[in-house]
Amino acid sequence: MIILLLMGRENEDKKILVHVCCGPCATSSIKRLLDEGWSPVLFFSDSNIWPMEEFEKRYDTLLTVAAFYHLEVIKDEYNHSAWREWVKGLENEPEHGKRCQRCFRYNLLRTRDKAKELGIPSFCTTLTVSRFKNSKTIFHEGEDLEGFEAIDFKKKDGFSESCRISKEMGLYRQVYCGCEFSKGKEDD
C-alpha cells in the first residue's frame, strides 16, 4: 500500500537510476529506496554476464520484480565483447580482485551515462546488497562520478531481506556473479 502511494507522488528531485545486476538483488534495494522516498528507474546494464542465456534469465527475473513494484526497466545493449576488452589482461585475477573492481567501474560508467542521457540527477547500484561484494570498493569506483549515490544496500539487513523476498516471490537466484571468470568461484 505504501509503495503505491509513493509511486503516485513521484519526486523529480529524488529520481534515481538504479543499476540492477539481477532480480533478487533488486528486491530489498528497491524496497529501501521507495521507503526512503526515492523514485527509482531500473537499468539492466550487465554486459559482464555470460552466457547470453544467463543474461536473459536475469533480465526476465528483474521484470518480475519491476512489475511487482510497478517500476520502469531500461535494458541496455548486451555487448560482452566490449566488456571483455574493458577487463582485458585481468582475466586471471582472483575473485574480488582488480578484474571485479574494473567491472564495477564499467557498469557504473554505463549507468552514469544513461542517467545523464535521461536527465536523472542521481544513480546507484544494487551490487552493494551482495555479501560477496565489497561496498567500499564499489564506492571508490563511483566516488568521482557526478550523481553517484553511495548507498550500501547490505545495511539494514538488506542481503537477508533480498533472500527472503526472492524466496517468497519464487525468483531464480544465480550461483555466480555473472562473468565466465566467476562461474563456479562464488555462491552469490
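Refer to the structure printed above.
Residues numbered from 1 in each chain as written. Predicted model: local features only at pLDDT ≥ 70, side-chain atom pairs only at ≥ 80, totals over all residues. Heavy atoms only, no water.

What should I look at first to understand the packing of helix H2 (residues 23-35) against helix H3 (residues 52-69) in this one?
Each pair of packed helices gets described by two things: the angle between the helix axes and the distance between those axes. Two numbers describe how H2 lies on H3: the axes approach to 9 Å, and their chain directions differ by 25 degrees. When the axis of H2 is compared with that of H3, the two are roughly parallel. Every pair of crossing elements has a handedness; the one defined by H2 and H3 is right-handed. The residues of H3 that touch H2, namely those facing Gly-23, Pro-24, Ala-26, Thr-27, Ile-30, Lys-31 and Leu-34, are Arg-58, Thr-61, Leu-62, Val-65 and Tyr-69. Along the lines of polarity and charge, the residues of the contact of H2 with H3 split into 7 nonpolar, 3 polar and 2 charged. (Axes fitted to C-alpha atoms, helices over the stretch in contact; angles between N-to-C directions. Helix = DSSP H or I, 4+ residues; strand = E, 2+ residues; numbered from the N terminus. Parallel < 35°, antiparallel > 145°, perpendicular 65-115°, else oblique. Left-handed = near helix turned anticlockwise from the far one by under 90°. Contact = heavy atoms within 4.5 Å. Nonpolar A, V, L, I, M, F, W, Y, C, P; charged D, E, K, R; others polar.)

Please explain the packing of H2 against helix H7 (residues 158-169) as it appears in this structure.
Between H2 and H7, the least distance of the axes is 8 Å, while the angle of their chain directions is 115 degrees. Taken together, H2 and H7 sit at an angle that is classed as roughly perpendicular. The handedness of the crossing between H2 and H7 is right-handed. Within the contact between the two elements, H2 uses Pro-24, Thr-27, Ser-28 and Lys-31 and H7 uses Gly-158, Glu-161, Ser-162, Ile-165, Ser-166 and Met-169.

What is the right way to look at the state of the cysteines in this model?
Two cysteines form a disulfide when their sulfur atoms are joined by a covalent bond. Inspection of every chain in the model, using the stated rule, returns 0 disulfides. Here Cys-21 is not disulfide-linked; the sulfur of Cys-25 is the nearest cysteine sulfur, at 3.7 Å. A relative accessible area of 12% means that Cys-21 is categorised as buried. Between Cys-163, a cysteine without a disulfide, and Cys-25, which holds the nearest cysteine sulfur, the sulfur-to-sulfur distance is 8.5 Å. (Disulfide = S-S within 2.5 Å. Buried < 20%, exposed > 50% of the residue type's maximum accessible area, 1.4 Å probe, protein only.)

Got a minute to help me understand the environment of Gly-97 in this structure?
Here Gly-97 is to be found in the loop between helix H4 (80-86) and helix H5 (98-118). For the pair Gly-97 and Phe-123, spaced 26 residues apart in sequence, the C-alpha to C-alpha distance is 24 Å.

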